[in-house]
Amino acid sequence: GPDARAVVWAHNSHLGDASATAMGAAGEYNLGQLCRRAFGSACVSIGFGTDRGRVAAADDWGGEVRVKTILPSRSDSWEQVFLQAGRERSLTRWRDDPELAAALDIPRLERAIGVIYRPETELRSHYFEARLGAQFDAWVWFEQTGPVTPLTGAAAEGAPDTYPFGL
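Remember, it's a predicted structure, so these values are computed and weren't measured experimentally. (Residues numbered from 1 in each chain as written. Predicted model: local features only at pLDDT ≥ 70, side-chain atom pairs only at ≥ 80, totals over all residues. Heavy atoms only, no water.)

### Brief notes about the layout of surface pockets
Here the idea is plain: a probe the size of a water molecule rolls over the atoms and shows the empty space left. In this structure, the largest pocket occupies an estimated 1,100 Å³ of space. W9, H11, I113, G114 and V148 are the residues nearest the centre of the largest pocket, which is lined by 24 residues in total. Residue assignment for the lining of the largest pocket shows that the elements contributing at least two residues are β1 (46–57) and β6 (138–145). The element that contributes the greatest number of residues to the lining of the largest pocket is β1, accounting for 6 residues. (1 Å grid on protein atoms, 1.4 Å probe; cavity = no way out; pocket = protein on both sides within 12 Å on 5 of 7 lines; lining within 4 Å. Points joined across faces, edges and corners; volume = space filled by probe spheres on them. Helix = DSSP H or I, 4+ residues; strand = E, 2+ residues; numbered from the N terminus.)

### Focus: the environment of G133
Note on placement: G133 falls in helix α7 (residues 132–135). A relative accessible area of 15% means that G133 is categorised as buried. For the pair G133 and S45, spaced 88 residues apart in sequence, the C-alpha to C-alpha distance is 11 Å. Not counting residues up to four positions away in its chain, the partners in contact with G133 are W94, A101, L104 and D105. (Buried < 20%, exposed > 50% of the residue type's maximum accessible area, 1.4 Å probe, protein only. Contact = heavy atoms within 4.5 Å.)

### Observations regarding the sheet that holds β6
The strand order β2-β1-β6-β3 describes an open sheet built from 4 strands, whose pairing is mixed. On the outer flanks of this sheet lie β2 (66–70) and β3 (89–93), each paired with one strand and no other. Taking the axes of each pair of neighbouring strands and ignoring which way they run, one obtains an average angle of 35° across the sheet. Here β3 runs beside β6; their pairing, made up of 5 bridges, is antiparallel. Looking across to β6, one finds that T92 is bridged to W139. (Pairing = 2+ DSSP bridges. Axes fitted to C-alpha atoms, helices over the stretch in contact; angles between N-to-C directions.)

### Notes on helix α3 (residues 31–39)
The opening residue of α3 is N30, an N-cap whose side-chain oxygen sits 3.3 Å from the backbone nitrogen of G32. Following α3 by one or two positions, G40 has its phi on the positive side, about 55°. (Polar contact = N/O pair within 3.5 Å; in protein donor to acceptor, adjacent residues only side chain to side chain.)

### Let's talk about a nonpolar patch on the surface
On the surface, a nonpolar cluster with roughly 630 Å² of combined accessible area is contributed by W9, V44, I46, F48, L91 and F142. Summarising the element assignment, F48 is placed in strand β1. (Patch = residues over 30% accessible without salt bridge, like charges linked within 9 Å, V, L, I, M, F, W, Y side chains within 5 Å. Areas by Shrake-Rupley, 256 points an atom, 1.4 Å probe, with all protein chains shown as cover. Salt bridge = Lys/Arg side-chain N within 4 Å of Asp/Glu carboxyl O.)

### Re the pattern of salt bridges
Counting across every chain of the model gives 11 salt bridges. Notably, a salt bridge pairs R36 with D137, separated by 2.9 Å at the nearest N-O pair. Taken together, the residues span a long stretch of sequence, with R36 in helix α3 and D137 in the loop between α7 and β6 at a distance of 101 residues. Salt-bridge contacts for D76 lead to R74; the nearest nitrogen and oxygen are separated by 2.9 Å. Within the structure, one salt-bridge network assembled from shared partners comprises R36, R95 and D137.

Note that every value here comes from positions in space, so none of it alone points to a role or purpose.
See the structure below:
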């Protein structure tokens, strides 16, 4: 109905507005850009970032998941800006702060780590140019992160892709 709400949890590169990134410059779209276009200010997009830590990821799609060490962020990245702010964890909101949004609306590298993480080719594989102030409405920062812990046991035969939630 007209009062329905949804929360979508996905990778930064899917939820941030692609028009504020190298993706958009290449003519690509993503869910965040399409939602912002369709729902306007009713769409709130929140990005996540970290400097270092560990991640559960594979080398390639369909590959075996391993716990890997995340390299410290590059000096020319948004992650480095938040690291230099000196807070271990934070939520920074600029949706209603045009001055802060403008300060964050400059091109800088942003790191994308997801299902795949290749530290040996990190610049080429995981960094892209983004204007954070236009890409998101807010940013959740963790100076150091840890890997997710998989659920124990396997999904039952024929279980939906949304196991264990069944939504």
